[in-house]
Amino acid sequence: WWFKYLDDADYGTSTAVGKFTDAALNLNITLNYKGWHLEGTSAEGYLAPDPYPYAGFGFSWSPNGEAESVDLSDWEGICMTYDATDYFEVAFQAEGDGGLSYYYLAAPTSSAKTVNIAFSSLIRSEYAKTTLSKAEALGHATSFQIKYTNDETEGISYYCNRLYGDTAARCNSAGISATNTINIYKIGKYGTCGGVSTTL
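Residues numbered from 1 in each chain as written. Predicted model: local features only at pLDDT ≥ 70, side-chain atom pairs only at ≥ 80, totals over all residues. Heavy atoms only, no water.

Trainee: How should the overall build of the chain be read in this particular structure?
Mentor: When you go through the chain residue by residue, the secondary structure sums to two helices and 14 strands. Over its C-alpha atoms, taken along the principal directions, the chain stretches across nearly 50 × 40 × 30 Å. Taken as a whole, the chain presents about 10300 Å² of accessible surface, with 52% of it coming from carbon and sulfur. Of the charged side chains in the chain, 12 are positive and 23 negative; the average position of the first set lies 4 Å away from that of the second. (Helix = DSSP H or I, 4+ residues; strand = E, 2+ residues; numbered from the N terminus. Areas by Shrake-Rupley, 256 points an atom, 1.4 Å probe, with all protein chains shown as cover. Lys, Arg positive; Asp, Glu negative; His and termini not counted. Charge placed at Lys NZ, Arg CZ, Asp CG, Glu CD.)

Trainee: Would you explain the state of the cysteines in this entry?
Mentor: Should the sulfur atoms of two cysteines be covalently bonded, the bond is a disulfide. Tallying each qualifying case throughout the model produces two disulfides. Covalent S-S linkage joins Cys79 and Cys193, the inter-sulfur distance amounting to 2.0 Å. Classification of the bridge connecting Cys79 and Cys193 rests on its S-S torsion, roughly 85°, and on that basis the disulfide is right-handed. In this pair, Cys79 sits in strand E7 (residues 77-84) while Cys193 sits in the loop between strand E13 (177-189) and strand E14 (197-199), placing the two residues 114 residues apart along the sequence. According to the relative accessible area criterion, Cys193 is buried, its value standing at 5%. Through a disulfide, Cys160 is tied to Cys171; the S-S separation comes to 2.1 Å. Judged by the torsion about the S-S bond (-140°), the Cys160/Cys171 disulfide is left-handed. Residue Cys160 is located in the loop between strand E12 (141-149) and helix H2 (168-174), and its partner Cys171 is located in helix H2; the two are separated by 11 residues in the primary sequence. Judged by its relative accessible area of 2%, Cys171 is buried. (Disulfide = S-S within 2.5 Å. Buried < 20%, exposed > 50% of the residue type's maximum accessible area, 1.4 Å probe, protein only.)

Trainee: Just checking my understanding: could you explain the nonpolar core for this structure?
Mentor: In a soluble, globular protein the nonpolar side chains are often hidden away together inside. If you look at the biggest cluster of nonpolar residues, it comprises 42 residues, and the most contacted ones within it are Met80, Phe88, Val90, Phe144 and Ile146. If near-sequence neighbours (up to four positions away) are discounted, Val90 is found in contact with Ile78, Met80, Tyr102, Tyr103, Tyr104, Ala106, Ile117, Phe144, Gln145 and Ile146. (Core = buried A, V, L, I, M, F, W, Y, C linked by side-chain atoms within 4.5 Å. Contact = heavy atoms within 4.5 Å.)

Trainee: Honestly, the pairing of E12 in this entry has me stumped. Any pointers?
Mentor: Along a regular strand, successive side chains alternate from one face of the sheet to the other. Among the nine residues of E12, nine are classified as buried, and the element is accordingly described as predominantly covered. Summarising the sheet, strand E6 (residues 54-60) and E12 pair through seven bridges and their orientation is antiparallel. Each bridged residue has a counterpart across the sheet, and for Gly56 the counterpart in E12 is Lys147. For strand E8 (residues 88-94) and E12, the ladder comprises six bridges, and the chain directions are antiparallel. Bridge pairing in E12 links Glu89 to Lys147. (Pairing = 2+ DSSP bridges.)

Trainee: Before we go on, may I ask you to explain the sheet that holds strand E11 (residues 123-124) in this structure?
Mentor: Each strand in a sheet pairs with its neighbour through backbone hydrogen bonds, running either in the same direction (parallel) or in the opposite one (antiparallel). Read across the open sheet, the six strands follow the order E1-E6-E12-E8-E9-E11; overall the sheet is antiparallel. Of all strands in the sheet, those with a lone pairing partner are strand E1 (2-6) and E11, marking the two edges.

Trainee: Is there a simple way to explain empty space enclosed by the protein in this structure?
Mentor: Think of a ball as big as a water molecule: rolled over the atoms, this probe shows where empty space is left. Applying the stated criterion across every chain, the model contains one cavity of 30 Å³ or more. Here the largest cavity is characterised by a volume of approximately 40 Å³. Along the walls of the largest cavity sit Leu72, Phe92, Tyr102, Lys134, Ala137, Leu138 and Ala141, which together make up its complete lining. Among the elements that take part in the lining of the largest cavity, helix H1 (residues 134-139) stands out by supplying three residues, more than any other. (1 Å grid on protein atoms, 1.4 Å probe; cavity = no way out; pocket = protein on both sides within 12 Å on 5 of 7 lines; lining within 4 Å. Points joined across faces, edges and corners; volume = space filled by probe spheres on them.)

Just distances and angles here, no functional claims.
Below, the structure is given as structure tokens:
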């Protein structure tokens, strides 16, 4: 079964709705930007939201839930058929990753696209603070996640810029948001999704 998570744990207001159709799992995510404030000194600071928004969907690899990890280290990777209106992360959550997992960045596409994602191509979040090798992460995988965060919105958080005379009050009243509509048609082991594919 799939689960959903939002940034409300950090007092965010982003929303996400997932629905199964006859053809796909349809995911609609809206990241809402709020809590704009000056970060840093008044002379050199910048405007930032609080929190940086995020939302996502996922499923546990183990039937016992995320409390139990599984070993994916003997897999070559996965395949996925999808379409999306913006970038998103295909993330592999693992024990000890501090919530910042190894992932593949999926590009937007207006028509269904099949990709083969080799685990060797996964990258780690630049914000990760824990030391966790890719081998360790794949050996203790907890969940598969579709994540949409500020990192994938092509810098919408910089929409509010002091250089252009913006203020925190103006940014907070603007109701800034970013949306992504993602359709997941198929997920499987590497090379099993069929169709025209891109190998990574």
